[in-house]
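Residue strings, one per chain:
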Amino acid sequence: MSSLAAWSYTAKATIWPLTDTDRYGKSTFGEPIVIDCDYGGDGKRGNSNVGLEFVVKNTFWTEYAAAKVGDMIALGESTAATPPNDADEVKHIIRYADTFYRTADDYEILTGV
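A short tour of the structure in this document, coming up. (Residues numbered from 1 in each chain as written. Predicted model: local features only at pLDDT ≥ 70, side-chain atom pairs only at ≥ 80, totals over all residues. Heavy atoms only, no water.)

## What to know about the overall build of the protein chain
Check the secondary structure of the protein chain and you find one helix and eight strands. Counting from the amino terminus, helix and strand elements in the protein chain follow one another as α-β-β-β-β-β-β-β-β. Residue burial in the protein chain is summarised as follows: out of 113 residues, 35% are buried. Considering only intrachain contacts with a sequence separation of at least 6, the fraction spanning at least 24 residues in the protein chain is 56%. By element, 52% of the accessible surface of the protein chain is carried by carbon and sulfur atoms, the whole surface being about 6800 Å². (Helix = DSSP H or I, 4+ residues; strand = E, 2+ residues; numbered from the N terminus. Buried < 20%, exposed > 50% of the residue type's maximum accessible area, 1.4 Å probe, protein only. Contact = heavy atoms within 4.5 Å. Areas by Shrake-Rupley, 256 points an atom, 1.4 Å probe, with all protein chains shown as cover.)

Structure below.
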């Protein structure tokens, strides 16, 4: 983690990676992964500039590079085997360059409804 990220990503979130769907079409998830992040909410922002239409619920800023659309994410640390009811689906991810140190890019993980 870069020194800039160390002072800015002071919150924790938990991601449950989407692994598959069961025979009934229900999503299945991998083990929870706790990440360092910062977060915010913006219920009015749309993402029409990339051809997607949804209302952004939460935004997580992090250096965690393995998140993907369909994963579930919740604020705070969790060891629950399945995502809790307050977890949200990852709808879109934006990658930003590590401008200063070139050690780890930053990611904006958007959830929506």
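## A word on the pairing of strand E4 (residues 33-41)
Bridging between strand E1 (residues 11-16) and E4 involves five bridges; their strand directions are antiparallel. Each residue of the ladder has a partner; that of Ala 13, found in E4, is Ile 35. Of the strand pairs in this sheet, E4 and strand E5 (residues 56-62) are connected by four bridges, and their pairing is antiparallel. Bridging from a neighbouring strand, Tyr 39 pairs with Phe 60 of E5. (Pairing = 2+ DSSP bridges.)

## Notes on the sheet that holds E1
With antiparallel pairing, the six strands of this closed barrel are ordered in space as E1-E4-E5-E8-E7-E6. This sheet shows a mean twist of 45° between the axes of neighbouring strands, independent of strand direction. Sheet topology note: the strand E6 (residues 72-75)/strand E7 (residues 88-96) ladder contains two bridges and is antiparallel. Paired with Ile 73 across the two strands is Asp 88, which belongs to E7. (Axes fitted to C-alpha atoms, helices over the stretch in contact; angles between N-to-C directions.)

## Side note on the nonpolar core
With eleven residues, the main nonpolar core is built from Ala 11, Ala 13, Ile 15, Ile 35, Cys 37, Phe 60, Tyr 64, Ala 67, Ile 73, Val 90 and Ile 109. Elements represented by at least two residues in this core include exactly E1 and E4. Beyond its immediate chain neighbours, meaning those up to four positions away, Ala 67 contacts Ile 15, Ile 93 and Ile 109. (Core = buried A, V, L, I, M, F, W, Y, C linked by side-chain atoms within 4.5 Å.)

## Describing the pattern of salt bridges
A complete count under the given rule lists five salt bridges for this structure. Between Asp 36 and Lys 12 there is a salt bridge, with its nearest N and O atoms 2.4 Å apart. Within this pair, whereas Asp 36 is found in strand E4, its partner Lys 12 is found in strand E1, the two being separated by 24 residues in sequence. Judged by its relative accessible area of 27%, Asp 36 falls in the partly exposed class. (Salt bridge = Lys/Arg side-chain N within 4 Å of Asp/Glu carboxyl O.)

## Considerations on the environment of Gly 70
Position of Gly 70 relative to the elements: it lies in the loop between E5 and E6. It is 9.6 Å that separates the C-alpha atoms of Gly 70 and Thr 111, two residues lying 41 residues apart in sequence. If we ignore the near neighbours within four places in the chain, the residues touching Gly 70 are Leu 18, Phe 29, Glu 89 and Val 90.

## Section: the side chain of Glu 108
Mapped onto the fold, Glu 108 is located in strand E8 (residues 106-112). Here Tyr 96 takes part through its side chain, which lies 2.6 Å from a polar atom of the side chain of Glu 108. (Polar contact = N/O pair within 3.5 Å; in protein donor to acceptor, adjacent residues only side chain to side chain.)

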